[in-house]
Amino acid sequence: MTHRTPLLILIATCAAFAAWAATPVTAPVVGTPAIGAPVPASKVPQAVAGKINPGKVKEIEWIDLLPPDELDALMNNTNIDHSKIFDPKSGDQGSFNVVSAFDKQRLRIPGYIVPIDQNAEGKLTEFFLVPFFGACIHVPPPPPNQIIYARLKTPIEMTDIYTPFWAEGTLYTKRIENDLAASAYTLEVDKVEVYE
Amino acid sequence: MSLKSCVSLRDIRFGFGPQQDVLNIAALDVQRGERLFIQGPSGSGKSTLLGVIGGVLTPTAGTVTVLGESLNAMSAARRDRFRADHIGFVFQQFNLLPYLNVLDNVTLPLEFSPLRRKRALEGGQTPALVAKELLRMLDLNDSRLLKRAATELSVGQQQRVAVARALIGSPELIIADEPTSALDTDTRERFLTLLFDACAQSGITVLFVSHDHTLKGAFDRVLDLNVLNAVPA
Amino acid sequence: MITLKLALRSLWNRRFTATLTILTIALSVSLLLGVDKIRESARESFTQTVSGTDLIVGARSGPIQLLLYAVFRIGDATNNVSWESYQKIIKHRQVAWAIPISLGDSHRGFRVLGTTDAYFEHLRYRQDRKLEFTSGAPFADLYDAVIGADVARELKYALGQKIVVAHGAAVVNLQQHDDKPFTVVGILKPTGTPADRTVHVSLQAIEAIHVDWRGGTRAPGRYAVDAEKARTMALEPKAITAFYLGLKSKIATFMIQRGINEFPEEPLLAIMPAVALQQLWNLLGVAEKALLVIAGFVVLTGLLGMLSAILTTLNERRREMAILRSLGARPRHIFVLMISEAGALASAGVVLGVGLTYALIALTRPLLEARAGIFISLDVLSMNQWLILLGIIASALLIGAVPAWLAYRRTLNDGMTIRT
């Protein structure tokens, strides 16, 4: 070993430090599905599916959450006009009906995370899981029975709204608040993983 | 190898190639308790010789035996330990660590050699007491000296403190490399007397290297390094 | 351990240079820690300010802007929300509660917020904490005011205090509403949110103090309306700055948000607070990282200064190394001795740096609260910060390995003698 060795170690440390510092703030994932297109579980590549799901927990798709008669209605319906919802005479926009067979079922579903609340350390505690990107920004929102209200048992590092995730846990279809006007899908989340 | 042998060198060569030998010594023997004067100017290879005897430098060829133990057979770590246990050094000047006081300088060898520590503290003494006694033997009687910074002392005082450090814990051999060259003539003789008296008490061998031949009369034996060392000067 | 003792004594001998090195490291550590603490505190202050609110609605501008003025009272609205639109929206069956707010006035540098009882009942922060009163109650009379904890503390107000509200948001305003003074009837407990620095009054009171204002200034003389006369007038607001919504079913949030964004009668914007916060944080995230990198480089500079200080003494210490070798010190001891010096300097620098950080935070806390709405805690260091400190010491040891290595090599070559 010569005089150069400790200097090389020093330079390597600086390079590592600079590399860490340069990691970009979370950016949109390359290959993000087009806005409006739901994330289908069946399209997950076989190798990846094998890696992230040992096969124990059932995977479902967003379509599964619709009562059977509503699928046709959703497909045939053109964009709902939300501008009139505050007129006294207008009805609810979108269906709150749920498929009660999913109550208390453990399952996995892929989607986008819209944060609701975080704890003092900045970790995510509650979020909405939605089928497509942009639901909270500028795109017509999904109907109520295509939105899942999720609560985390263990808060996780804040995620970004651009990345799709697998959410795994127990789904409930009953009301959770007393004066709810309608039912909703609620997920008690065990695990959140990046969708690859 | 008799029990009375302190240092024994055979066929020592030290250098970086046949044409670049610094040392070429066929034989050198020093008896226990002997006071040996090796006369040699700078550049005659004396520093290298002392380094070889002290185990800091490894000869290219030959055997080095100190107190009956072969230094060649030892690992570098063992040689360092051996040196700490059995050899005390006194250099020409700047012997002491400038950031330690006199007491800490004198007791420093005890930190590197548990053997010497045991010997020194036999009889239930503390390191400070032992140091004080040694300094008294060397004519440094002021007890306030112990806490003074090493750099505050005169050269003569520093050299005597260096001797005390070399003596503490009674190592078997003391190697002195030009210890009097920085002292004035009157102080030199006094220094030598103090050194010999202290060593005689414990039968310590003294290997004294210097170019100053006016001192050699006090010694048991005198060797000329230029004669000893077969390398052309 | 003899090498550590020697290292410390050696440093003490060079204590002037050593102190300078320690100071340099301490300052740089304090900078890095300070930046990280502010970063964490800012994040916490902002994210914990509002909770349980499903939507925040204001005139159409940008989500971050709306969040900033409606929640943090930073910046101003570009336009108002008409009272009719507000009334129409809150009649929707999914709306559980609504808190209207009106901004625009101030009192001695603190913003005045016009609102209703719903504010004290439904506003939540830090996930589920309610606003509580140290003393008093929400406003009952027209000219009642409820003040936040910081207002009470800094201006030394108690219940019954009479205050005058000014028009505009600056500390000193030209136009005062001094004909209609308010009475403090409630003081809130500290929350660590902008509520601490707010004077709350009723929406009607905001109307009352502006009832005789035309063209941006108070009407003079016979056109003036005094406080008692104002009571008798119709004081329903014509517009508000923004409002908070709580819905019966959280799932309905998306639908209601859409409806408000497409509201035909007026251009409005509805935001989900957490989403807007995330957008704000993405924006700031770049600045955050940049600041940390810069601070990191400053630490590196400090450590390189230490390296320089140790290297310059290396030559004079060759004699010292030779002496130690003659005493039986192994080359490894020399290496450890040198690196211990670096370690000791860095550790002292880090400890001093932490102390400096807390001292500086204690000093600048009030300023940061007032100007930026950031509430810095004097809590213990977070895990992240401990790791940063460990990283600094590790880097110091790594850097200290350079002179240690050089000394090690030299001592091997020199042996016990120096050829000078």
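Residues numbered from 1 in each chain as written. Chains lettered and ligands numbered in written order. Predicted model: local features only at pLDDT ≥ 70, side-chain atom pairs only at ≥ 80, totals over all residues.

(A) Looking closely at the overall build of chain A. Secondary structure assignment for chain A yields three helices and six strands. Counting helices and strands in the order they occur from the N terminus, chain A gives α-α-β-α-β-β-β-β-β. Counting across all 196 residues of chain A, residues that qualify as buried make up 29%. Long-range pairs, those at least 24 residues apart, make up 67% of the contacts in chain A with a sequence separation of at least 6. (Helix = DSSP H or I, 4+ residues; strand = E, 2+ residues; numbered from the N terminus. Buried ≥ 20, exposed ≤ 12 C-beta atoms within 10 Å, placed from the backbone. Contact = placed C-beta atoms within 7 Å.)

(B) Molecular detail of the confidence of the model for chain A. Residues and elements named next belong to chain A. Looking at chain A, pLDDT values average 71 and 62% of them are 70 or higher. Here residues 21-37 scores under 50 on pLDDT; set against residues more than four positions off or in separate chains, the count is 23 contacts. Counting contacts from residues 40-53, a segment whose pLDDT is below 50, to residues more than four positions away or on other chains yields eleven contacts. (pLDDT = per-residue confidence, 0-100.)

(C) A look at the pairing of strand S1 (residues 5-15) of chain B. All names here are of chain B. Examined bridge by bridge, S1 and strand S2 (residues 21-31) share nine bridges and lie antiparallel to one another. Following the sheet pairing, Val-7 is matched in S2 by Val-30. In the sheet, S1 pairs with strand S4 (residues 61-66) via five bridges, with the strands oriented antiparallel. When the sheet's bridge partners are listed, Ser-8 is paired in S4 with Thr-65. (Pairing = 2+ DSSP bridges.)

(D) Quick peek at the packing of helix H12 (residues 331-372) of chain C against helix H13 (residues 383-414) of chain C. Residue and element names in this part refer to chain C. In the contact formed by H12 and H13, the axes pass within 7 Å of each other and the chain directions differ by 150°. Compared by their axis directions, H12 and H13 come out roughly antiparallel. Between H12 and H13 the crossing geometry is right-handed. Of the residues that constitute the contact of H12 with H13, the class distribution is 20 nonpolar, four polar and one charged. (Axes fitted to C-alpha atoms, helices over the stretch in contact; angles between N-to-C directions. Parallel < 35°, antiparallel > 145°, perpendicular 65-115°, else oblique. Left-handed = near helix turned anticlockwise from the far one by under 90°. Nonpolar A, V, L, I, M, F, W, Y, C, P; charged D, E, K, R; others polar.)

(E) Just the interface of chain C and chain A, in detail. Taken together, the contacts link 42 residues of chain C with 38 residues of chain A. Listing elements by their share of the side of chain C that touches chain A, those giving two or more residues are helix H2 (15-47), helix H4 (83-90), helix H9 (253-261), helix H10 (273-314) and H13 of chain C. The element contributing the most residues to the side of chain C that touches chain A is H10(C), with ten residues. Among the residues making up the side of chain C that touches chain A, the classes are represented as 19 nonpolar, 13 polar and ten charged.

(F) Fine view of the pairing of strand S3 (residues 123-130) of chain A. Residue and element names in this part refer to chain A. Inspection of the sheet shows strand S2 (residues 105-118) paired to S3 by six bridges, in the antiparallel sense. Residue Val-114 lies in a different strand from S3, and its bridge partner there is Phe-128. Between S2 and S3, which follow one another and run antiparallel, lie four residues, and Gly-122 among them has a positive phi close to 85°. Where S3 meets strand S4 (residues 148-157), six bridges bridge the pair, whose relative direction is antiparallel.

(G) Highlighting the interface of chain B and chain C. The partner chain C presents 17 residues to the 22 residues of chain B that form the contact. At the level of elements, helix H1 (46-54), helix H2 (76-86) and helix H3 (102-112) of chain B are the ones that each hand at least two residues to the side of chain B that touches chain C. A per-element tally of the side of chain B that touches chain C places H2(B) first, with five residues. Here the side of chain B that touches chain C is built from residues that sort into 13 nonpolar, five polar and four charged.

(H) The arrangement of helix H3 (residues 63-71) of chain C in detail. Residue and element names in this part refer to chain C. Taking burial as the measure, the nine residues of H3 include seven buried ones, the bulk of the element. Three or more residues of H3 are buried, namely Pro-63, Leu-66, Leu-67, Leu-68, Tyr-69, Ala-70 and Val-71. Its buried side turned inward, H3 meets strand S1 (55-59), strand S3 (95-107), strand S16 (242-247), strand S17 (268-271) and H10. Two residues or fewer after H3 comes Arg-73, characterised by a positive phi angle close to 60°.

(I) Broad picture of the packing of H3(B) against helix H6 (residues 155-167) of chain B. Residue and element names in this part refer to chain B. Look at H3 against H6: their axes get within 6 Å of each other, and the N-to-C directions meet at 35°. H3 and H6 meet at a crossing whose hand is right-handed. Listed contacts from H6 to Val-102, Asn-105, Val-106, Leu-108 and Pro-109 of H3 are Val-161, Ala-164 and Arg-165.

(J) Just unusual backbone geometry, in detail. In this structure, A:Lys104 is a non-glycine residue whose phi angle is positive, near 60°. Here A:Lys104 lies in the loop between helix H3 (68-76) and S2. Judged by the 10 C-beta atoms lying within 10 Å of it, A:Lys104 falls in the exposed class. Of note in the backbone geometry, B:Asp11 takes a positive phi value of approximately 50° without being a glycine. Considering the arrangement of structural elements, one finds B:Asp11 in strand S1. B:Asp11 sits in the exposed class, given 12 other C-beta atoms within 10 Å.

(K) How the structure looks around the confidence of the model for chain B. Here chain B averages 87 in pLDDT, while 97% of its residues score no lower than 70. Reported confidences for the modelled complex are a pTM of 0.74 and an ipTM of 0.89.

(L) Representation of the environment of B:Arg165. Residue and element names in this part refer to chain B. Note on placement: Arg-165 falls in helix H6. Along the primary structure Arg-165 and Val-209 are separated by 44 residues, whereas in three dimensions their C-alpha atoms are 18 Å apart. Excluding residues within four positions of it along the chain, Arg-165 makes contact with Asn-105, Val-106, Leu-108 and Pro-109.

(M) Inspection of the environment of C:Ile392 at higher detail. All names here are of chain C. Its place among the elements puts Ile-392 in helix H13. Sequence-wise, Ile-392 and Ser-347 are 45 residues apart; in three dimensions their C-alpha atoms are separated by 9.0 Å. Ignoring any residue separated from it by four or fewer positions in sequence, one finds Ile-392 in contact with Val-29, Val-299, Ala-346 and Val-350.

(N) Representation of the environment of B:Arg136 in the model. Considering the arrangement of structural elements, one finds B:Arg136 in helix H5 (residues 127-137). For the pair B:Arg136 and B:Val163, spaced 27 residues apart in sequence, the C-alpha to C-alpha distance is 12 Å.

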